[in-house]
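Residues per chain, in single letters:
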Amino acid sequence: MKQFKILYLASEISPFAIAGGLADVTGALPKAYKNLNQEIRIMVPKYKFINERKYVLREVIRLREIPVTVNGQTVNASVKSAFLPDSKVQVYFIEVGDFFNRPGIYNDPKTNKPYEDNGVRFAFFSRAVIETLKKLSWQPDVIHCNDWQTAYVPVYLKTIYQGDPFFKGIKTLYTIHNLTNQGEFDVDLAEKIDFDKSQVKEGGMFYKDGKLNLTKAAIYFSDFITTVSETYAHEILANDEVGFGFGPILEEKGDKFEGILNGVDYGIWTPEKDKYIPYHYSKEDLSNKEENKKALLMRLGMEYEPDVPVIGMISKLTPQKGFDLIAAIMDDLIKENVKLVIHGDGDRDLAEKFLEYAKKYPDKVSVSITYDEKMAHLIEAGSDMFLMPSRYEPCGLNQIYSMRYGTVPIVSAVGGLYDSVEDIDEETGEGTGFIIEKLTPEDTLKAIKRALKYYQDKEKWQNLQKRIMEEDFSWDYAAKRYLDIFDRLVNDTDDLENIV
Ligand code: GLC
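To keep things clear, this report deals only with the structure shown in the data block. (Residues numbered from 1 in each chain as written. Predicted model: local features only at pLDDT ≥ 70, side-chain atom pairs only at ≥ 80, totals over all residues. Heavy atoms only, no water.)

1. Brief notes about the overall build of the protein
Helix and strand counts for the protein stand at 17 helices and 21 strands. Relative to the compact-globule value of 23 Å for 500 residues, the protein shows a C-alpha radius of gyration of 23 Å, a close match. Taken over the C-alpha atoms alone, the protein extends approximately 70 × 45 × 45 Å along its principal axes. A buried classification covers 59% of the 500 residues belonging to the protein. Excluding contacts between residues fewer than 6 apart, the proportion of contacts in the protein whose partners are at least 24 apart in sequence is 72%. (Helix = DSSP H or I, 4+ residues; strand = E, 2+ residues; numbered from the N terminus. Rg over C-alpha atoms; globule rule 2.2 N^0.38 Å. Buried < 20%, exposed > 50% of the residue type's maximum accessible area, 1.4 Å probe, protein only. Contact = heavy atoms within 4.5 Å.)

2. Here's the deal with the packing of helix H15 (residues 441-456) against helix H16 (residues 458-469)
Two elements in contact, H15 and H16, have axes whose closest approach is 5 Å; the angle formed by their N-to-C orientations is 110 degrees. Between H15 and H16, the interaxial angle falls into the category roughly perpendicular. Facing Ala-451, Tyr-454, Tyr-455 and Gln-456 of H15, the residues of H16 in contact are Lys-458, Lys-460, Trp-461 and Leu-464. Tallied by class, residues from the contact of H15 with H16 come to five nonpolar, one polar and two charged. (Axes fitted to C-alpha atoms, helices over the stretch in contact; angles between N-to-C directions. Parallel < 35°, antiparallel > 145°, perpendicular 65-115°, else oblique. Nonpolar A, V, L, I, M, F, W, Y, C, P; charged D, E, K, R; others polar.)

3. Regarding unusual backbone geometry
With an omega of 5 degrees, the peptide bond between Ser-14 and Pro-15 qualifies as cis. Considering the arrangement of structural elements, one finds Pro-15 in the loop between strand E1 (5-9) and helix H1 (21-35). Positioned with a positive phi, Glu-65 is a non-glycine residue whose angle comes to about 50 degrees. The residue Glu-65 is located in the loop between strand E3 (58-59) and strand E4 (66-70) in this model. One non-glycine residue with positive phi stands out, namely Phe-244, at about 45 degrees.

4. Looking at the environment of Gln-199
Following the sequence through the fold, Gln-199 ends up in the loop between helix H4 (189-192) and strand E12 (207-208). Along the sequence, Gln-199 and Thr-180 sit 19 residues apart, while their C-alpha atoms lie 23 Å from each other. Here Gln-199 is in contact with Gly-204, Met-205, Phe-206 and Tyr-207, once residues within four sequence places are set aside.

5. Examining empty space enclosed by the protein
Gaps between atoms show up when a probe of the same size as a water molecule is rolled over them. For the structure on display, the rule yields one cavity of 30 Å³ or more. In this structure, the largest cavity encloses a volume near 40 Å³. Forming the boundary of the largest cavity are Met-330, Leu-333, Ile-334, Val-338, Lys-339, Leu-340, Lys-364 and Val-365. Contributions of two or more residues to the lining of the largest cavity are made by helix H10 (323-335) and strand E17 (339-343). No other element matches the three residues that H10 contributes to the lining of the largest cavity. (1 Å grid on protein atoms, 1.4 Å probe; cavity = no way out; pocket = protein on both sides within 12 Å on 5 of 7 lines; lining within 4 Å. Points joined across faces, edges and corners; volume = space filled by probe spheres on them.)

6. A few points about the packing of aromatic side chains
All told, the structure shown has 28 aromatic pairs when counted by the stated rule. Considering the side-chain rings of Tyr-33 and Phe-486, the 5.9 Å spacing of their centres and the 50 degrees angle between planes classify their relative orientation as tilted. Here Phe-486 lies in helix H17 (residues 475-490) and Tyr-33 lies in helix H1, a separation of 453 residues in the sequence. Classification of Phe-486 as buried rests on a relative accessible area of 0%. An aromatic cluster is present here, built from Tyr-47, Phe-49, Phe-100, Tyr-106, Phe-122, Phe-125, Trp-148 and Phe-185 joined pairwise through their rings. The ring of Trp-138 has Arg-41 lying over it, and the distance from NZ or CZ to the ring centre is 4.4 Å. One residue, Lys-208, lies across the ring of Phe-246, its end atom 4.6 Å from the ring centre. (Phe/Tyr/Trp six-rings, centres within 6.5 Å; stacked < 30°, edge-to-face > 60°. Lys NZ or Arg CZ within 6 Å of the ring centre and 35° of its normal.)

7. Section: the nonpolar core
Formed by 108 residues in total, the largest nonpolar core has its most connected members in Tyr-33 and Phe-195. Ranked by residues supplied to this core, first place goes to helix H2 (residues 118-136) with ten residues. The next biggest cluster of nonpolar side chains, apart from the first, holds 72 residues, and it includes Leu-333, Met-375, Ile-410 and Phe-473. (Core = buried A, V, L, I, M, F, W, Y, C linked by side-chain atoms within 4.5 Å.)

8. Here we look at the site of the ligand
In the neighbourhood of the ligand, the contacting residues comprise Gly-21, Leu-22, Val-25, His-177, Asn-178, Val-228, Asn-262, Glu-393, Pro-394, Cys-395, Gly-396 and Leu-397. Asn-178 places a side-chain nitrogen or oxygen 2.9 Å from an oxygen atom of the ligand. A distance of 2.8 Å separates an oxygen atom of the ligand from a polar atom in the backbone of Gly-396. Each residue belonging to the shell around the ligand can be placed in one class, and the counts come to six nonpolar, five polar and one charged. Of the residues that make up the shell around the ligand, three or more belong to each of domain 1 (5-263 + 476-490) and domain 2 (287-472). (Near = heavy atom within 4 Å. Polar contact = N/O pair within 3.5 Å; in protein donor to acceptor, adjacent residues only side chain to side chain. Domains from an automatic or database assignment.)

9. A look at the sheet that holds strand E21 (residues 434-436)
Read across the sheet, six strands follow the order E18-E17-E16-E19-E20-E21 without closing on themselves; strand pairing throughout is parallel. Strand pairing shows two members of the sheet lacking a second neighbour, strand E18 (365-368) and E21, which therefore form its edges. When the angles between neighbouring strand axes are averaged without regard to direction, this sheet yields 20 degrees. The pairing of strand E19 (residues 385-388) with strand E20 (residues 408-412) spans four bridges and is classified as parallel. (Pairing = 2+ DSSP bridges.)

10. Description of the side chain of Thr-444
Take Thr-444: it is sitting in helix H15. With relative accessibility at 0%, the residue Thr-444 sits in the buried group. Look past the residues within four positions of Thr-444 in its chain and what remains in contact with it is Leu-325, Ile-329, Pro-389 and Ile-436.

11. Notes on a negative patch on the surface
Taken together, Glu-422, Asp-425, Glu-427, Glu-430, Glu-470, Glu-471 and Asp-472 make up a surface patch of like negative charges. Within the secondary structure, Glu-430 is located in the loop between helix H14 (415-420) and E21. (Patch = residues over 30% accessible without salt bridge, like charges linked within 9 Å, V, L, I, M, F, W, Y side chains within 5 Å. Areas by Shrake-Rupley, 256 points an atom, 1.4 Å probe, with all protein chains shown as cover. Salt bridge = Lys/Arg side-chain N within 4 Å of Asp/Glu carboxyl O. Lys, Arg positive; Asp, Glu negative; His and termini not counted. Charge placed at Lys NZ, Arg CZ, Asp CG, Glu CD.)

12. Observations concerning the packing of H10 against helix H11 (residues 348-360)
Close contact between H10 and H11 brings their axes to 10 Å; oriented N to C, the two are set at 15 degrees. Taken as axis vectors, H10 and H11 run roughly parallel relative to one another. Taken as a pair, H10 and H11 cross one another with a handedness that is left-handed. In this structure, H10 contributes Phe-323, Ile-326, Ala-327, Met-330, Asp-331 and Ile-334 to the contact, and H11 contributes Leu-350, Lys-353, Phe-354 and Tyr-357. (Left-handed = near helix turned anticlockwise from the far one by under 90°.)

Below, the structure is given as structure tokens:
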């Protein structure tokens, strides 16, 4: 395998700064690059809440007080470094003035609203990244950017830094994790982040639906675009609702737009050695899975009943995740022999109805509107089934984690869910989960009932559990696909150098 110098950029990284699945990917894909013998470094913002002592962050003396200027305002950047746990992957945490010295990643925890200067904060981060590379004298072959917070980098490289020989030939790959978050800002942001104002109007490269749009900027300025599953990539092109209108410009990218299904870090998500669960187990002996179920129910103050299955959900409470579908079938679900456990951050209004059910049926429904990493692991281990009726899902990771824990997924047939779960054929017994055919309450209930029925046959169920625990979604395969793209890119002379 050829060796590349890869810089990985993101706004989240597990275990240091987590808001969603992006953090899991940043914490894992670089390790897979490393295992494939690549030279890989990660750069992320140094948020205030990252525990420097716990994670042994060290100052990098020669990367101190690097001046970073955006729109005439200069602040200093300083870099601290640490390794991704259990690896030799170096992470650079960049402090940029006071921009990240706050308690939240994107939102102010007090108001739960985005910080007003988000568009400017991440511009400073991106400029700091570029300046840090120079100071380091490290010239990556490829910069792997992720989501809008890093969309500025391909733009700056091909505008402000275009004539700078240090950056000549560096390729950029941009991964879309979810088009729900596009980085949309008022058009007057352009000036504040040194973007060409003339491109923020109808037909402009930074302009979409009356706003400055960073995803659109990244799509134009990056050498290659990926998203996190093949089906989501197709859906973006084919379905305007899923693609938020990005279909046509991604279509123009031709073979420079691909879907690659995320992998899983089995060093973290594996019931044999999961550090967050009380009882370890394996497919050879599932008896301790039941102990985790007892522990989970006890934690939630629910009674353990041996033959009553638990359906887990770890999910942001947002409309994307299909909570309206579940809300519509709650009355039917209550009548079934089942317990429902919902855990995740999100929309309080959306949660209201579920909280009411939890109050009325405390032994059947549990709802916690928060995200706790430890709890997430216990739900994976202690549930019998895992429900994800998403309206769209770029990749989704919990359904893949679930399989490793012998927790049978019930999922809608969209995006990464469709690419990772195969519907169970009741006759042959093949398949890895229960697919909700159409996004309707009826079909959602139908799939859940199918699962509940299957669960009644203990032997069949155990065989299914053992089978799904064997599924392998490790990162190695996806990482190799990215490396193939890098190979194509570095050999490609037809790049975007003269885009503007
Ligand atoms: C986003 C997507 C999710 C995906 C994750 C990691 O959170 O919503 O589907 O798994 O990014 O790529």
